[in-house]
Amino acid sequence: MAPILDIRNLYKNYGSVEILKDINVAIEPGDFLVLVGPSGCGKSTLLNCIAGLEPISGGSIAIGGDDMTNVSPKDRDIAMVFQSYALYPTMSVAKNITFGMKVRGVDQATQDRKLADVARQLQIEPLLNRRPGQLSGGQRQRVAMGRALVRDPKLFLFDEPLSNLDAKLRVEMRTEIKSLHQNLGASMVYVTHDQIEAMTLATKIVVMKAGVIQQIGSPSEIYNRPANLFVADFMGSPAMNLIPAKARTNGGGTTIEIARREGEPIVLNDPRAKDLPADVIVGLRPEDIAEPGFRHGETVQQADCRVDIVEPAGADTYVMTHLGGKPVTARMHSETEAAAGNVHTFAFDLAKVSYFEPETGHRLN
Amino acid sequence: MTDATFSPARRQSALGKTALRWGLYIILALFAVYYLLPLFVMVTTSLKSLEEIRTGDLVALPREITFDAWRTAWSEACTGIQCEGVRPYFWNSVLIAVPGVVISTLLGAVNGYVIAQWRFKGANIIFALMLFGCFIPFQVVLLPMARLLGMMGIAGTIPGLIFVHVIYGIGFTTLFFRNYYVTIPQELVKAAKVDGATFLRIFWSIFLPLSLPIIVVSIIWQFTQIWNDFLFGVSFSQAGTQPVTVALNNIVNSTTGVKEYNVDMAAAIIAALPTLLVYVVAGKYFIRGLTAGSVKG
C-alpha cells in the first residue's frame, strides 16, 4: 500500500538558519508516528510543514499518494489539534466543531449528524452549548479533538496536545488518544517532548535533535537499540547509564573494564561483542543493573559497588552508585537491602547492552 | 469595631484612618467641583435671558429658566451671512463623523489583523511607518492634502473631509487593533486555516466577534477626533459643508453688536453633546479595551 505520508529530502530554512535538514519519513496507513525531541529540535516546525502552515525550502511532502508540497492547508485533507487547543473563543462548542464543515459548505443535516456522532464518542454532549471559556482544560482538549475527528481526514496532526494538562489528566487523555487510534485505525502524527508519551503511543518514533533525524524506529527498537548517545540518553526514564570503559578482545568475545571509585576495576565479559575499539561507552538501562539472583544466564555477571543514594519510587527502588567516573542508576525491587554508604552486590545483565563510540556517539554493536 | 478589648492606641489609629479617608474625599470633591465649574457656568448661562446675564452674577443660578437661547443656537443664530443656527452644520458633522469612524475603524481592524496575525515580509516596517503617521502634526499635511483633494476632485466636499479623517485616523486605529490582535494566539489562525477558512472568513468569523472592546476604543477615539476637529474642517470645507465646530466659531466670532453669551453657550454645549454621549454609552468598554491587551499579554 502507498504510504499515507511520505516526506522526502525536506529542508526548511529561516533566512540562513537551517531549521530542518534532509528529513525523510514515510508512514503506512494506520501508523501512529511520534516526533520527539528536546525544545527547539524542529519537531513542531516539521508538523507545521506537513500541515502546510509553513512553506518548505526544499524536498517534497505527499499525503495519501498525492503531492502536497505546494497545496494549501485546507486542501491537504488533514486535521490538527493544537497545544493551546485554539478553540474559537466566541463560538459555542457545537459551532467550534462544525466550523470546518460550515466553511466547506456541508449541508446542515450532515453537520448535525456528524456533530452528534463525535459528541457521543468523546462524551461531550452536555457541553455543546457552552463557550470554550466555560470549560476545564480536559474538556477543551476533548472539544479540540472533536473538531479534528469530525473532519474524518486522511491524516491527524497533534502538536503537543497534552502538555497543558495536569499530570493525572495527561495520563488519562494519553490512554484515550491511544484507544481512539486503535478504534479509528486512523493515521496520526504526534509531536511531543515527553519520551514516555512517545513510547506509549507510537507505532513509529522519530527522534530529532537540532533539525536532524537521529533515529527512526519502533518504540522497542528505539529503546533497546538506540542509534547514538543522544537517543540513548533522551529516551527512557531514568535515563540509560552511559559508562566510559576499556574494551579488550579476549578469545571469541570482549572483556569490558569499568573503573570503580574504590578497589580494582569491574571486569565483565561479553562473549557476543566483537571488534570494539579500546575506548567505548557502555550503555546499560537501569533495569539491566539489578539485584543478584533475579536475572540468569551467561550474560549476567555480579560485582560489588558502594551505594551513594537510595531512592524508593514505590514499585521499584533506584540505587545510585558511581562507575567509570559517572553516576549510575540501578533498578532494584522495593525491598532491596541496599543502603547509602554500604557496599552492595549488583548484577549486570549484558543481554541488551549497547556500545557507543565515545567521540562520534555512534552505536557500535 | 465592636471589639471589647479595643486598645486606646488602636482606636486612635482607626480614628486617624477615618480622618484620612474624609480628607481624601474632600480633596477629591474640591477637584471635581473645580473641574465641573465651567460646565456649570455654561449650562446656567445658556438657560438665562440676555437681560439676566448682563445684570446678574456669572455663577448664580438662573432666576428664570428659558430655552430661547437653545432654540436660537439650534436654528436661528447667524454664522456670518446665513442665519440657520448650528443645525445644518451639526448634520454635516454627523455626515462626516459617522462614515469617517466606521471606515477608519474597519480599515484599522483589517490592518491590525494582517500585521499581527499574517506576518509578511516588511510587516514591522509598515507598522512603524503607520505609527509614524500618528505623530505628524495636522498643520504639516494641510497644503499637500489640499492639493491632493483638488486633484481627486473632492475638495470642499463632505466625502473629501471623510477621506482626510480616514487617512489621518488609520494610524491610530491600526495601532489599537494590532496591539489587541497580537495578544491572540496565532494557533487560532492556524486552526482556522486547517479547517478550511479563508483570510477574510477568519477575520469575519473569528477575529471581529472577539474585538468588541477594541472596536469601542476605536470608535470613541475616532469619533472624538473627527467630531472635535476644527483645523481640517475649516481648511477643507466650503459654504454648506462646514462641520459644527466651524459653525460654532463663526457664531461666536463673526457676530457683531451685543454678544449673546447664552446663545454661544448653548451652541457650544450642542456641539459637545455627541462626544459626551459616546463616552457615557461606551465608556466602560473604553477602559476595558484599553487595558485588555496589557492584562492578557
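The shown structure was predicted, so the numbers you read here are calculated from the model rather than taken from an experiment.

A. Broad picture of helix H6 (residues 138-152) of chain B. Residues and elements named next belong to chain B. A rise of 1.5 Å per residue sets the reference length of H6, with its 15 residues, at 21 Å; its end C-alpha atoms lie 20 Å apart and thus fit the reference within 8%. Contacts made by the buried residues of H6 are with helix H7 (158-182) and helix H11 (231-235). Where H6 ends, the next residue or the one after it, Gly153, has phi of about 75°, a positive value.

B. Structural detail: the sheet that holds strand E20 (residues 343-349) of chain A. Spatially, E15-E20-E16 (chain A) is the arrangement adopted by the 3 strands of the open sheet, whose pairing is antiparallel. The open sheet terminates on both sides in strands that have one partner only, identified here as strand E15 (289-290) and strand E16 (300-306) of chain A.

C. Quick peek at the packing of H7 of chain B against helix H10 (residues 212-228) of chain B. Residues and elements named next belong to chain B. The N-to-C vectors of H7 and H10 enclose an angle of 155°; their axes lie 10 Å apart at closest approach. Taken together, the axis directions place H7 and H10 in an arrangement best described as roughly antiparallel. In the crossing of H7 with H10, the sense of the turn from one axis to the other is right-handed. Between H7 and H10, the residues in contact are His165, Gly169, Phe172, Thr173, Phe176, Phe177 and Tyr180 and Pro213, Ile214, Ile215, Val217, Ser218, Trp221, Gln222 and Ile226, respectively. For the contact of H7 with H10, the residue count by class is 10 nonpolar, 5 polar and no charged.

D. Here's a closer look at the sheet that holds strand E13 (residues 266-270) of chain A. Residue and element names in this part refer to chain A. Taken together, the 5 strands give an open sheet; going across it, the order is E13-E12-E11-E14-E21, and neighbouring strands pair in antiparallel fashion. Edge strands, defined here as strands with exactly one partner in the open sheet, are E13 and strand E21 (354-356). Between one strand and the next, the sheet's axes are offset by a mean angle of 40°, whatever the strand orientation. Across 6 bridges, strand E11 (residues 241-250) lies against strand E14 (residues 279-284) in antiparallel orientation. In the strand pairing of E14, Ala245 is matched with Val280.

E. Highlighting the pattern of salt bridges. Residues and elements named next belong to chain A. For the structure on display, the rule yields 17 salt bridges over all chains. Two residues, Arg331 and Glu287, come together in a salt bridge whose shortest N-O distance is 3.9 Å. Linking Arg331 in strand E19 (residues 326-333) with Glu287 in the loop between E14 and E15, this pair joins segments that are 44 residues apart in sequence. Using a relative accessible area of 31% as the deciding quantity, one classes Arg331 as partly exposed.

F. Focus on the domain arrangement of chain A. All names here are of chain A. Splitting chain A by domain gives domain 1 (5-233) and domain 2 (241-356). Relative placement of domain 1 and domain 2: their C-alpha centres are 39 Å apart. With 9 residues of domain 1 at the interface, the matching set in domain 2 holds 7 residues. Counting every contact that joins domain 1 to domain 2 gives 0 salt bridges. Viewed at the interface, domain 2 and domain 1 are joined by 2 residue pairs in polar contact (both at pLDDT 80 or more).

G. Highlighting unusual backbone geometry. All names here are of chain A. A cis amide bond links Ser237 to the next residue, Pro238, at an omega of -5°. Assignment of secondary structure puts Pro238 in the loop between helix H8 (229-234) and E11. Although it is not a glycine, Asp22 sits at a positive phi angle of roughly 45°. For Asp22, a relative accessible area of 36% corresponds to the partly exposed category. The phi dihedral of Ala86 is positive, around 50°, even though this residue is not glycine.

H. Just the packing of helix H2 (residues 93-103) of chain A against helix H4 (residues 137-149) of chain A, in detail. Residues and elements named next belong to chain A. The geometry of H2 relative to H4 is characterised by a closest axis approach of 8 Å and an angle of 30° between their N-to-C directions. It follows that H2 is roughly parallel to H4 by the angle criterion. Here H2 and H4 pass one another in a crossing that is right-handed. Contact with H2, carried on its side by Val93, Asn96 and Ile97, involves Val143, Gly146 and Arg147 of H4 and no other residues of that element.

I. Representation of a nonpolar patch on the surface in the model. A contiguous nonpolar surface patch, about 670 Å² in accessible area, is contributed by Trp22, Leu24, Tyr25, Ile26, Leu28 and Leu30 of chain B. Looking at the secondary structure, you find Leu28 of chain B in helix H1 (residues 8-46).

J. Expanded view of the interface of chain A and chain B. Facing the 25 residues of chain A at the interface are 15 residues of chain B. Three residues stand out in chain A for area buried against chain B, namely Leu53, Tyr88 and Thr90 of chain A, and they jointly supply 26% of the buried area on that side. A salt bridge links Arg151 of chain A to Asp195 of chain B, with the shortest nitrogen-to-oxygen separation between them at 3.5 Å. Our count for the chain A to chain B interface comes out at 8 residue pairs in polar contact (both at pLDDT 80 or more). Looking at the side of chain A that touches chain B, the elements that each hand over two or more residues are strand E6 (78-81) and H2 of chain A. For the side of chain A that touches chain B, the leading source of residues is H2 of chain A, giving 4 residues. Grouping the constituent residues of the side of chain A that touches chain B by class yields 14 nonpolar, 5 polar and 6 charged.

K. Expanded view of the UniProt feature "transmembrane region" (unreviewed entry) in chain B. Residues and elements named next belong to chain B. The feature "transmembrane region" (unreviewed entry), as given by UniProt, occupies residues 20-41, 94-116, 123-142, 148-177, 198-221 and 265-287 in the numbering adopted here. Taken end to end, residues 20-41 has its terminal C-alpha atoms 32 Å apart, with 100% of it in helix and 0% in strand. Regarding residues 94-116, the helix share stands at 100% and the strand share at 0%, and the terminal C-alpha atoms are separated by 32 Å.

L. Here's a closer look at the nonpolar core. Formed by 60 residues in total, the largest nonpolar core has its most connected members in Leu5 and Val189 of chain A together with Tyr181 of chain B. Judged by nonpolar contacts, the second largest core, of 45 residues, contains Ala94, Met145, Phe156 and Val231 of chain A.

M. View of the confidence of the model for chain B. The predicted model of chain B averages 87 in pLDDT, with 92% of residues at 70 or higher. Across chain B, element-level confidence peaks in helix H4 (residues 87-117) of chain B with a mean pLDDT of 94 and bottoms out in helix H13 (residues 261-296) of chain B with 77.

N. Spatial organisation of the UniProt feature "domain: ABC transporter" (unreviewed entry) in chain A. In the numbering used here, UniProt assigns the "domain: ABC transporter" (unreviewed entry) feature to residues 5-235 of chain A. As annotated, residues 5-235 of chain A comprises 37% helix and 26% strand, and the C-alpha atoms at either end are separated by 24 Å.

So, how was this worked out
- Residues numbered from 1 in each chain as written.
- Chains lettered and ligands numbered in written order.
- Predicted model: local features only at pLDDT ≥ 70, side-chain atom pairs only at ≥ 80, totals over all residues.
- Heavy atoms only, no water.
- Helix = DSSP H or I, 4+ residues; strand = E, 2+ residues; numbered from the N terminus.
- Expected span 1.5 Å × (residues − 1).
- Contact = heavy atoms within 4.5 Å.
- Pairing = 2+ DSSP bridges.
- Axes fitted to C-alpha atoms, helices over the stretch in contact; angles between N-to-C directions.
- Parallel < 35°, antiparallel > 145°, perpendicular 65-115°, else oblique.
- Left-handed = near helix turned anticlockwise from the far one by under 90°.
- Nonpolar A, V, L, I, M, F, W, Y, C, P; charged D, E, K, R; others polar.
- Salt bridge = Lys/Arg side-chain N within 4 Å of Asp/Glu carboxyl O.
- Buried < 20%, exposed > 50% of the residue type's maximum accessible area, 1.4 Å probe, protein only.
- Domains from an automatic or database assignment.
- Polar contact = N/O pair within 3.5 Å; in protein donor to acceptor, adjacent residues only side chain to side chain.
- Patch = residues over 30% accessible without salt bridge, like charges linked within 9 Å, V, L, I, M, F, W, Y side chains within 5 Å.
- Areas by Shrake-Rupley, 256 points an atom, 1.4 Å probe, with all protein chains shown as cover.
- Buried area = accessible area lost by both parts, 1.4 Å probe.
- UniProt positions renumbered as here; feature names shortened; annotations may be inferred.
- Core = buried A, V, L, I, M, F, W, Y, C linked by side-chain atoms within 4.5 Å.
- pLDDT = per-residue confidence, 0-100.

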